[in-house]
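Tertiary structure, described
The primary structure of each chain is shown beneath.
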Amino acid sequence: MNDRQADMAGEQAKAWARVRASLRESAGARLFDQWLKPIELVAADEADTVRLALPSAFMTNWVRSHYADRLALEFRQHLPHVRSVEVETRRLGAVAEVLTIESPAPERAPVQVAAAPDAGMIFERPVLESRYTFDRFVVDQSNRVAFNAARTVAEPGRPRFSPLFLHGGTGQGKTHLMHAIAHAFLAANPDANVLCMSAERFMFDFVAAMRVRDTFAFKARLRSADLLLIDDLQFIAGKDATQEEFFHTINEIVGAGKRLVIAADRAPQHLDGVEPRIIGRLGAGLVADIKAADLPLRRAILTRKVADLPDAKVPADVLDLLAARIHSSIRELEGALMRVVAYASLTGETLDLDFAVQTLGDSLRGAQRRVTIDEIQKLVSQHFDLKPLDLISARRARAVARPRQIAMYLSKRLTTRSLPEIGRKFGGRDHSTVIHAVRRIEELRDSDRDVDAAVRVLLRELEA
Ligand SMILES: Nc1ncnc2c1ncn2[C@@H]1O[C@H](COP(=O)(O)OP(=O)(O)OP(=O)(O)O)[C@@H](O)[C@H]1O
């Protein structure tokens, strides 16, 4: 260990001692002893990354889903330069699995992201989710075409079709399939240039490049992609210059025989506000939809997800119940499974039907209204007399920045979206921007009556 690494390790060890003390206080002795005490700090190679290790994959999963945000927030209070916290599973003294909290830089960056053209611009470090692979995707007739098409795109040789357009409702596996394509393509072509971005990110990078009158780097970056994946295309609607650029980009990528994959929440012909020539181009490749998962598929997905939790025992009738009652999205279904498993382990109670009904309460009755980030953005912009696009823009004026922070805070509080997902929905911002927003609004709710009042009103409306 050289001097710099020794300083860094000392700094992180000091911060970790404080973070542990604070967690012990806020989580209570029982929770702390069971889940947090076994966490060990591992020597990190980078000053902006903290690495923590746990003794089992199950504990890692639990800490990840319940304490990810908290750990990152806590560390940043002591070490503001920390950008990511990684949690690893340790087996037999070796790091057997690395689970990631807060989008850390991947080992070899699989996704190429050039620096934003303007240093003040949005910063994003997209990462491929390691769990989103083809072998973890459960297939049936409702998603088979999309699945097979995705596999075909990743195959070597000249693509059989391009673009591939995937569409389906929220939480039905579009992003999972896109990341699976990228994983498979990179496994076969380790030096390939894979670029994965949301349509909002495309829009803002392009607008930023135009602002400084230098779109050359932006264009070169996109056109150099061997595989270009663009998520949430519905958000490109509107912007003329951006659509023009988007049209040229897709033409050139497809014309050069490269792979293009696009996902949206609706079919190309229903993308309101998108130019007809783009819609025509998108429809010229393969369009595959992912239908809402039916009961047998929901049940099969649960079986698959349980297999990924090696220490968890979930009786079949509990899985039947979850599959029958939770149909809003696979994301919700997965969240409910994680919740019952974690609570049973925490309380030491037997995970049976009664326990599941008691634990999940409202979500099983379907009584809880699901709020989406789009609804939050709409309501917050109305409340502050802004346009919804202001919230995803790069504008930093207080009149826009504060409502944006409030909207991020509400998104974290009221939806099950992760920090990187929320960041993406706000113009492709980094997860750390979301953490900062959440922390800032929490502070302001204590010190600024106006902010607190606005948040209360918005919460009341959204939870109504
Ligand atoms: N067929 C499937 N097999 C296994 N897991 C699935 C399947 N479909 C969805 N999932 C899981 O559901 C969760 C949500 O999926 P994903 O994020 O890909 O949805 P999405 O369609 O991109 O949603 P959104 O449009 O809201 O972003 C993920 O954890 C994913 O692994």
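Only a predicted model underlies this, so the values are computations on that prediction, with no experimental measurement involved. (Residues numbered from 1 in each chain as written. Predicted model: local features only at pLDDT ≥ 70, side-chain atom pairs only at ≥ 80, totals over all residues. Heavy atoms only, no water.)

1. Some remarks on the overall build of the protein chain
Stated formally: Secondary structure follows DSSP: runs of H or I at least 4 residues long count as helices, runs of E at least 2 residues long count as strands, and numbering of each begins at the N terminus. Only protein chains enter the area calculation, which uses a 1.4 Å probe; residues under 20% of their type maximum are buried, those over 50% are exposed, and those in between are partly exposed. Contacts are assigned to residue pairs with any non-hydrogen atoms lying within 4.5 Å of each other.
Tallying secondary structure elements over the protein chain gives 19 helices and nine strands in all. Buried positions account for 53% of the 464 residues belonging to the protein chain. Put simply, of all contacts in the protein chain between residues at least 6 apart along the chain, 72% involve residues at least 24 apart.

2. With respect to the packing of helix α7 (residues 216–223) against helix α8 (residues 240–255)
The test is simple: Interaxial angles span 0 to 180 degrees and are taken between N-to-C directions of axes, which are lines fitted to C-alpha atoms, for helices over the stretch in contact. Handedness of a crossing follows from how the near helix is turned relative to the far one, being left-handed for an anticlockwise turn of less than a right angle and right-handed for a clockwise one. Each residue is assigned to one class: nonpolar for Ala, Val, Leu, Ile, Met, Phe, Trp, Tyr, Cys and Pro, charged for Asp, Glu, Lys and Arg, and polar for all the others, Gly among them.
One can describe the packing of α7 onto α8 by two numbers: an axis separation of 10 Å at closest approach and a directional angle of 35 degrees. Note on packing geometry: the crossing formed by α7 with α8 is right-handed. Judged by residue contacts, Phe 218, Lys 219, Leu 222 and Arg 223 of α7 engage Glu 245, His 248, Thr 249, Glu 252 and Ile 253 from α8. For the contact of α7 with α8, the residue count by class is three nonpolar, two polar and four charged.

3. Observations concerning the UniProt feature "binding site: ATP" (unreviewed entry) in the protein chain
Convention followed: UniProt positions are given in the numbering used here, feature names are shortened, and annotations may be inferred rather than shown by experiment. Two N or O atoms count as a polar contact when they lie within 3.5 Å, although within protein this holds only if one can serve as hydrogen donor and the other as acceptor, and sequence-adjacent residues are included solely when both atoms are side-chain atoms.
According to UniProt, the positions carrying the feature "binding site: ATP" (unreviewed entry) are Gly 171, Gly 173, Lys 174 and Thr 175. Looking at the secondary structure, you find Gly 171 in the loop between β5 (164–168) and α5 (174–188). Setting aside residues no more than four positions away along its own chain, Gly 171 makes contact with Ser 329, Ile 330 and Arg 331. When you line up the elements, Lys 174 lands in helix α5. On the basis of relative accessibility, which here comes to 10%, the residue Lys 174 falls in the buried class. Contact partners of Lys 174, with chain neighbours within four places excluded, come to Leu 166, His 167, Gly 168, Gly 169, Ala 263, Ala 264 and Ile 290. Separated by 2.8 Å, the side chain of Lys 174 and the backbone oxygen of Gly 168 make a polar contact.

4. Here's the deal with the site of the ligand
Applicable threshold: Here a residue counts as near a molecule or strand whenever at least one of its heavy atoms sits within 4 Å of it. Where accessible areas are quoted, they stem from the Shrake-Rupley method and a 1.4 Å probe; at the residue level, only the protein chains shown are allowed to cover. Boundary definitions for the domains trace back to an automatic or database domain assignment.
Residues in close proximity to the ligand total 19 residues, the closest being Thr 170, Thr 175, His 176, Glu 334 and Arg 417. Gln 172 is positioned such that a nitrogen or oxygen atom in its backbone is 3.1 Å from an oxygen atom of the ligand. Between the ligand and the protein, one listed contact pairs an oxygen atom with a side-chain N or O atom of Lys 305 at 3.1 Å. When isolated, the ligand has an accessible area of 640 Å², and the protein chains bury 96% of it. At the level of secondary structure, the elements contributing two or more residues to the shell around the ligand comprise α5, α10 (295–307) and α12 (330–347). Taken together, the residues of the shell around the ligand break down into five nonpolar, eight polar and six charged. The residues that make up the shell around the ligand include at least three from each of domain 2 (134–290) and domain 3 (295–367).

5. Quick word on the sheet that holds strand β7 (residues 227–231)
Condition: Any two strands between which DSSP finds at least two bridges are classified as paired.
In space, the five strands of this open sheet follow the order β6-β7-β8-β5-β9, with parallel pairing throughout. For this open sheet the edge positions go to β6 (194–198) and β9 (286–290), each flanked by a neighbour on one side alone. The average undirected angle you get between the axes of adjacent strands in this sheet is 15 degrees. Pairing between β6 and β7: five bridges, direction parallel. Each residue of the ladder has a partner; that of Met 197, found in β7, is Ile 230. Sitting on the sheet, α5 touches β5, β6, β7, β8 (259–264) and β9, and the angle it makes with β7 is about 165 degrees. Across the sheet, helix α6 (residues 199–211) lies against β6 and β7, angled at about 95 degrees from β6, the strand it touches most.

6. Remarks on the side chain of Gln 234
Topologically, Gln 234 is positioned in the loop between β7 and α8. Classification of Gln 234 by relative accessible area gives buried; the value is 12%. In this structure the side chain of Gln 234 is engaged in a polar contact, spanning 3.2 Å, whose partner is the backbone nitrogen of Asp 265. Setting aside residues up to four positions removed in sequence, Gln 234 forms contacts with Ala 264, Asp 265, Arg 266 and Leu 271.

7. Here we look at the nonpolar core
The test is simple: For our purposes a nonpolar core is just a set of buried Ala, Val, Leu, Ile, Met, Phe, Trp, Tyr and Cys residues, chained together by side-chain atoms within 4.5 Å.
In terms of nonpolar packing, the biggest core is built from 81 residues, with Leu 71, Phe 75, Leu 322, Val 341 and Leu 410 touching the most fellow members. Judged by nonpolar contacts, the second largest core, of 28 residues, contains Phe 147, Ala 149, Ala 192 and Val 261.

8. Thoughts on the pattern of salt bridges
The line we're drawing: Between Lys or Arg on one side and Asp or Glu on the other, a salt bridge is scored when a side-chain nitrogen of the former is within 4 Å of a carboxyl oxygen of the latter.
One pass over the full model with this rule turns up 24 salt bridges. The closest approach of N and O atoms between Glu 129 and Arg 131, which form a salt bridge, is 3.2 Å. On the accessibility criterion, Arg 131 (25% relative accessible area) is partly exposed. Glu 334 is paired through a salt bridge with Lys 305; the nearest N and O atoms lie 3.6 Å apart. Placement of Glu 334 in helix α12 and of Lys 305 in helix α10 is noted, with a sequence separation of 29 residues between them. We classify Glu 334 as partly exposed; its relative accessible area is 23%. Via salt bridges that share partners, Glu 129, Arg 131, Lys 305 and Glu 334 belong to a single interconnected network.

9. Re the packing of aromatic side chains
Each aromatic ring pair is summarised here by two numbers: the centre-to-centre distance and the angle between the ring planes. We apply this condition: By convention, a stacked pair of Phe, Tyr or Trp rings (six-membered ring in the case of Trp) has centres within 6.5 Å and planes under 30 degrees apart, an edge-to-face pair has planes over 60 apart, and any other such pair is tilted.
On inspection of all chains with the given rule, the structure shows six aromatic pairs. Between Phe 137 and Phe 147 the ring centres are 5.8 Å apart and the planes differ by 10 degrees, which places this aromatic pair in the stacked class. Pair noted here: Phe 137 is in the loop between β4 (94–101) and α4 (144–154) and Phe 147 is in helix α4, with a separation of ten residues, a long-range link. When the centroid spacing of 5.4 Å and the interplanar angle of 50 degrees are considered together, the rings of Phe 206 and Phe 218 count as tilted. Here the residue Phe 206 occupies a position in helix α6, and Phe 218 occupies one in helix α7, the gap between them amounting to twelve residues. The class of Phe 218 is buried, set by a relative accessible area of 4%.

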